[in-house]
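A closer look at the structure
Below, each chain spelled out in residue letters.
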Amino acid sequence: MDLSYTPEEEDFRARLREWLAKALPGLPPKPRPEDWPGRRAYDLGWQRALYDAGYADVHWDASPTMRLIFLEETEKAGAPYVGANFVGLLHAGPTIAAEGTEEQRARWLAPILRGDEVWCQGFSEPDAGSDLAALRTRAWRDGDDYVVTGSKIWTSHAEVADWCELLVRTDPAAPKHRGITWLAMPMDAPGIIVRPLRTLAGSAEFAEVFLDEVRVPVANRVGAEHDGWRVTMVTLSFERGTAFVGEVVACRRVLGDLARVAHGNGAWDDPGLRRRLGRLNAEFRALWRLTQWNVSEAEGRGVPGVGGSVFKLRYSHARQELYDAAADVLGPDALDLDRPWVLDRLSSLSYTIAAGTSQIQRNIVAERILGLPKGR
């Protein structure tokens, strides 16, 4: 497999670097982590800058390799992360682009790309745990609407979102993985209550969402009724495909910074620490190559494949190991929340749970890649 870049791709990289060098110095200061209205405005402003420069649609209309280059270069340059735009740009938008009708694509894709609207993800439920298909939020047809009742948890950016990609059960008598429907729910509809959840790191980018007979137009259904599980697999292929690319680049940068700090404070004298950092360097280099392989596969398929689960599984653990090593380098300063990497260490604890637990990823790898029988 050829993992080299074409002249056209290298030209795209050079033009992007030049634009980033001009655009980034003019950005306003980042809002405080707890200021979600400010963070929404900041993130949407950056998305609008990308749109005006012609880079907004790189997540959808560019080739997977161009997308990889974009994520690599923006992270290296220290450009803002997608932030509040995460669900719209990397989950809902690509799903609507792949599965939506012409009218749905016309309605939702442009506002996401322009930075006009924010989406949240209404998949997880309090009593379902990692078994997403065990969802119990009900929706029944009433004329031209679905009437939705239930609750969701860990709903990313719900407190500042305009729309929610929502999974509901439309046929409770069907087998567990059937009878599910994918809806686009307006977050200003009557009957929605949002309660932010504060994380270990002190932020509140997640929320509980309670739905009491919320009316969602049938026209907002993406895919056929009861076919939502298949549509969801499309969504999750994007979530586990290239969504973490920028974070791999960031981890490689942190690794280099850790080595420099360790040289300065004497921690480098510990041969065990040197071995850990060396192994992590090899680990993240391998993960980058795996990312390139997954991107090459996606070039032919149009959407990321199950190789994204291999990447997600190993990356989640490697990230935790990286910030455990950072704590050893920092020593007692690892208890100071104002020091670099300390909050990152706390947030890394969630990575083996978020976007599909490691246990779920192992099941996917076992069944869909290795061909092993399903567990009972």
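Presented here is a report on the structure given in the accompanying data block. (Residues numbered from 1 in each chain as written. Predicted model: local features only at pLDDT ≥ 70, side-chain atom pairs only at ≥ 80, totals over all residues. Heavy atoms only, no water.)

Details of the pattern of salt bridges
Under the definition given, this model contains 25 salt bridges. The shortest N-O distance in the salt bridge between Arg48 and Asp52 comes to 3.1 Å. A residue pair is termed a helical-turn pair when its members lie 3 or 4 positions apart in one helix, as Arg48 and Asp52 do in helix H2 (residues 36-53) at four residues. Here the salt bridges do not stand alone but share partners, grouping Glu10, Arg13, Arg17, Glu72, Glu73 and Lys76 into one network. (Salt bridge = Lys/Arg side-chain N within 4 Å of Asp/Glu carboxyl O. Helix = DSSP H or I, 4+ residues; strand = E, 2+ residues; numbered from the N terminus.)

A short note on helix H4 (residues 86-99)
For an α-helix, the turn length of 3.6 residues means that residues three or four places apart are oriented alike. For H4, with 14 residues, the first-to-last C-alpha span of 19 Å sits near the 20 Å given by 1.5 Å per residue. The principal kink in H4, of about 40 degrees, is found at Ala92, preceding the proline Pro94 by one to four residues. With respect to burial, H4 is a largely interior element, eleven of its 14 residues being buried. Taken together, the buried positions of H4 are Phe86, Val87, Gly88, Leu89, Leu90, His91, Ala92, Gly93, Pro94, Thr95 and Ile96. (Expected span 1.5 Å × (residues − 1). Bend = angle between axes of the 7 residues up to and from the residue. Buried < 20%, exposed > 50% of the residue type's maximum accessible area, 1.4 Å probe, protein only.)

Regarding helix H1 (residues 7-23)
Taking 1.5 Å as the rise per residue, H1 with 17 residues should run 24 Å; its terminal C-alpha atoms sit 24 Å apart, in good agreement. Those residues of H1 not exposed but buried are Glu9, Phe12, Arg13, Leu16, Trp19, Leu20 and Ala23. Burial along H1 is one-sided: seen end-on, the buried residues are contained in an arc of 135 degrees. Opposite the buried face of H1, at more than 90 degrees from it, the exposed residues are Pro7, Ala21 and Lys22. Buried positions along H1 lie against H2 and helix H3 (64-76). (Arc of directions from axis to C-beta. Contact = heavy atoms within 4.5 Å.)

By themselves, these figures tell us nothing about what the structure is for.
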